[in-house]
Amino acid sequence: MDFAFDERTERLRAELTEFLTEHVYPAEPVYAEQVANAADPWDAPPVLAELKAEARRRGLWNLFLPDERFGAGLGNLAYAPLAELTGRSPALAPEALNCSAPDTGNMELLAEFGTPEQRSQWLEPLLEGEIRSAFCMTEPEVASSDATNIATRIERDGDHYVINGRKWFSSGAMSPRCAVFIVMGKTDPDAERHRQQSMVLVPRDTPGVHVRRGLTVFGYTDGPHGGHAEIEFRDVRVPVANVLGGEGEGFAIAQARLGPGRIHHCMRLVGMAERALELMCRRVTERVAFGRPLAEQGVIGEWIAESRVRIEQARLLVLKTAWLMDTVGNRGAHTEIQAIKIATPAMAEWVIDKAIQAHGGAGVSQDFPLAMLWAQARMLRIADGPDEVHRMSLARRELRRYRN
Ligand SMILES: Cc1cc2nc3c(=O)[nH]c(=O)nc-3n(C[C@H](O)[C@H](O)[C@H](O)COP(=O)(O)OP(=O)(O)OC[C@H]3O[C@@H](n4cnc5c(N)ncnc54)[C@H](O)[C@@H]3O)c2cc1C
């Protein structure tokens, strides 16, 4: 077993660390000011475009895509420490590198299942960072953690599909730059349970698409990243050529999309926890209460030690999962993907919570990134599958080994 990264990964790590130090962290207050004074609360502030140009100039672009035809050609194991670094500044770094959800998952789908026409129309501008995209699966009316519940209808009418339904939490869709939605719905409600669903590409400007409102996450709009939209699809007509992967393939494609998406979140969560621990250590070394630096209060030392232990545990499991995905494929890594999706958000939530506590009032304020980091970690115990659903499925697979 070798715990060292290869030469290319180490080089990219050093380059990315330099980019973060020289450009991203100094841009955080600029970003906050531009967001506060933005004319359009759903559009990215100018500093993000500047960071994108600089990242691209440095070759730090589309690192997430293992397919060499489209991206950097890095495996999951090589991408893990890079995504972790971007998690240290989650509002800026992932998008600066064109490596932010949900576009990454949507690009992966188009790369894997898109026709040449679909790729040239949507994948190419996404890879260039010119447009954004949304993934519309979850619905307000049904328990969407069970994807077979999805009720949106996609009915064939000659050479077109007609779409009717309501979606919510479509991340990114409030952005004026979000040009295309990947919509999941039922094409054949009478088919076998996992063959009823299909995915279709819906250009944002199609008549009948109504973006109704942005939903908040613990009060955050996530506006500069395009928010989380509620969208109504009323008699929306798109050509049958817009189906992704084929009719009845929607469920299988959704599973394919969620594997890499989940591990990317976990990689970034390790970085979020590292940033929180660093902030905690700096703060408690500087501040004095009751005659001693906070760092010398026993309970704070315990938080710091426990944080280091939990981060290392989670990172190792994330790296093992990445290695498995590279070597035996996403299916072979199913149990580990679920394990990290359960363990990593909870780990990050715990570490960030302690960092907030150690900062006192400052920890919950806008002067530190901790409140935003906590909201992200907490949210990820629900998004991309709630903890309980992953536990149920993992237990089922574990128990299967004991049934004859
Ligand atoms: C910030 C954010 C961004 C998101 N982005 C997107 C996006 O871009 N596209 C998209 O389609 N969706 C997105 N989602 C939606 C997300 O994937 C869903 O919220 C999630 O899958 C849960 O579905 P639900 O909200 O319908 O909860 P429900 O299915 O109603 O479940 C509610 C709760 O019930 C419990 N539960 C469910 N099943 C079980 C079980 N078997 N055992 C025990 N308990 C159970 C869980 O605690 C769960 O949280 C996003 C969500 C958030 C919060």
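Where an unreviewed UniProt entry is consulted, the protein chain appears under the name Acyl-CoA dehydrogenase, with the organism given as Streptoalloteichus tenebrarius. Annotation of the protein chain in UniProt includes, under Cofactor (unreviewed entry), the sentence "FAD".

Tracing the backbone through its elements, the reader meets Asn164 in strand S3 (residues 160-171). Put simply, Asn164 and Val318 are 154 residues apart on the chain and 39 Å apart in space, counted from C-alpha to C-alpha. Filtering out sequence-adjacent residues up to four positions away, Asn164 remains in contact with Thr152, Arg153, Phe233, Arg234 and Asp235. Side-chain polar atoms of Asn164 contact the backbone nitrogen of Asp235, separated by 2.8 Å.

The next point concerns the site of the ligand. Inspection of the region around the ligand gives 20 residues, with Phe135, Thr138, Ser145, Phe169 and Glu388 positioned closest. Ser144 places a polar main-chain atom, nitrogen or oxygen, 2.9 Å from an oxygen atom of the ligand. One of the side-chain nitrogen or oxygen atoms of Glu388 is found 2.8 Å away from an oxygen atom of the ligand. Within the complex, 68% of the 980 Å² of free accessible area of the ligand lies under protein. Those elements that place two or more of their residues in the shell around the ligand are S3 and helix H11 (387-400). Ranked by the residues each element gives to the shell around the ligand, the list is headed by H11, at three residues. A class-by-class count of the residues in the shell around the ligand yields 12 nonpolar, six polar and two charged. In terms of domain composition, the shell around the ligand takes at least three residues from each of domain 2 (132-247) and domain 3 (251-403).

Moving on, we come to a nonpolar patch on the surface. Residues Met1, Phe3 and Leu316 make up a contiguous nonpolar surface patch of about 450 Å² in total accessible area. If you trace the backbone, Leu316 turns up in helix H8 (residues 298-332). For Leu316, a relative accessible area of 45% puts it in the partly exposed group.

What follows covers the UniProt feature "domain: Acyl-CoA oxidase/dehydrogenase middle" (unreviewed entry) in the protein chain. Residues given the UniProt feature "domain: Acyl-CoA oxidase/dehydrogenase middle" (unreviewed entry) here are residues 134-236. For residues 134-236, helix accounts for 0% and strand for 50%, while the C-alpha atoms at its two ends are 16 Å apart.

Take the UniProt feature "domain: Acyl-CoA dehydrogenase/oxidase C-terminal" (unreviewed entry) in the protein chain next. Mapped onto this numbering, the UniProt entry gives "domain: Acyl-CoA dehydrogenase/oxidase C-terminal" (unreviewed entry) at residues 248-397. Along residues 248-397 one finds 79% helix and 3% strand; the C-alpha atoms at either end are 25 Å apart.

Considering the arrangement of structural elements, one finds Glu230 in strand S7 (residues 228-239). Glu230 sits in the buried class, given a relative accessible area of 8%. A polar contact of 2.8 Å, which involves the side chain of Glu230, links it to the side chain of Arg166. When near neighbours in sequence (up to four residues on either side) are disregarded, Glu230 contacts Pro140, Arg166, Lys167, Trp168, His210, Val211, Arg212, Arg213 and Leu215.

Once that is clear, we can look at the domain arrangement of the protein chain. It is common to give the size of an interface as the accessible area lost on bringing the parts into contact. We note that the domain assignment places domain 1 (7-127), domain 2 (132-247) and domain 3 (251-403) within the protein chain. Each of domain 1 and domain 3 has a C-alpha centre, and the two are 21 Å apart. Tallying the contact residues gives 24 residues for domain 1 and 24 residues for domain 3. Counting each side, the surface lost to burial between domain 1 and domain 3 is near 2,000 Å², with a carbon and sulfur contribution of 60%.

What follows is about the pairing of strand S1 (residues 132-136). Burial runs high along S1: five of the five residues are buried. In S1, alternate side chains face the same way, and those of Arg132, Ala134 and Cys136 on one face and Ser133 and Phe135 on the other are all buried.

Attention now goes to the pairing of S7. Relative to S7, S3 runs antiparallel, the two being bridged by nine bridges. Within S7, the position partnered with Ser170 by the bridge is Ala229. In the sheet, strand S6 (residues 209-214) pairs with S7 via five bridges, with the strands oriented antiparallel. Of the residues in S7, the one forming a bridge with Gly214 is Ala229.

Overall, the coordinates contain 37 salt bridges when judged by the stated rule. A salt bridge links Glu84 to Arg315; the nearest nitrogen and oxygen atoms lie 2.8 Å apart. With a gap of 231 residues between them, Glu84 in helix H3 (residues 76-86) and Arg315 in helix H8 connect regions that are remote in the sequence. When sorted by exposure, Glu84 lands in the same class as Arg315, which is buried. One network of salt bridges, in which partners are shared, links Arg166, Arg212, Arg213, Glu230, Glu232 and Arg234.

Cut-off values and rules
Residues numbered from 1 in each chain as written. Predicted model: local features only at pLDDT ≥ 70, side-chain atom pairs only at ≥ 80, totals over all residues. Heavy atoms only, no water. UniProt positions renumbered as here; feature names shortened; annotations may be inferred. Helix = DSSP H or I, 4+ residues; strand = E, 2+ residues; numbered from the N terminus. Contact = heavy atoms within 4.5 Å. Polar contact = N/O pair within 3.5 Å; in protein donor to acceptor, adjacent residues only side chain to side chain. Near = heavy atom within 4 Å. Areas by Shrake-Rupley, 256 points an atom, 1.4 Å probe, with all protein chains shown as cover. Nonpolar A, V, L, I, M, F, W, Y, C, P; charged D, E, K, R; others polar. Domains from an automatic or database assignment. Patch = residues over 30% accessible without salt bridge, like charges linked within 9 Å, V, L, I, M, F, W, Y side chains within 5 Å. Salt bridge = Lys/Arg side-chain N within 4 Å of Asp/Glu carboxyl O. Buried < 20%, exposed > 50% of the residue type's maximum accessible area, 1.4 Å probe, protein only. Buried area = accessible area lost by both parts, 1.4 Å probe. Pairing = 2+ DSSP bridges.

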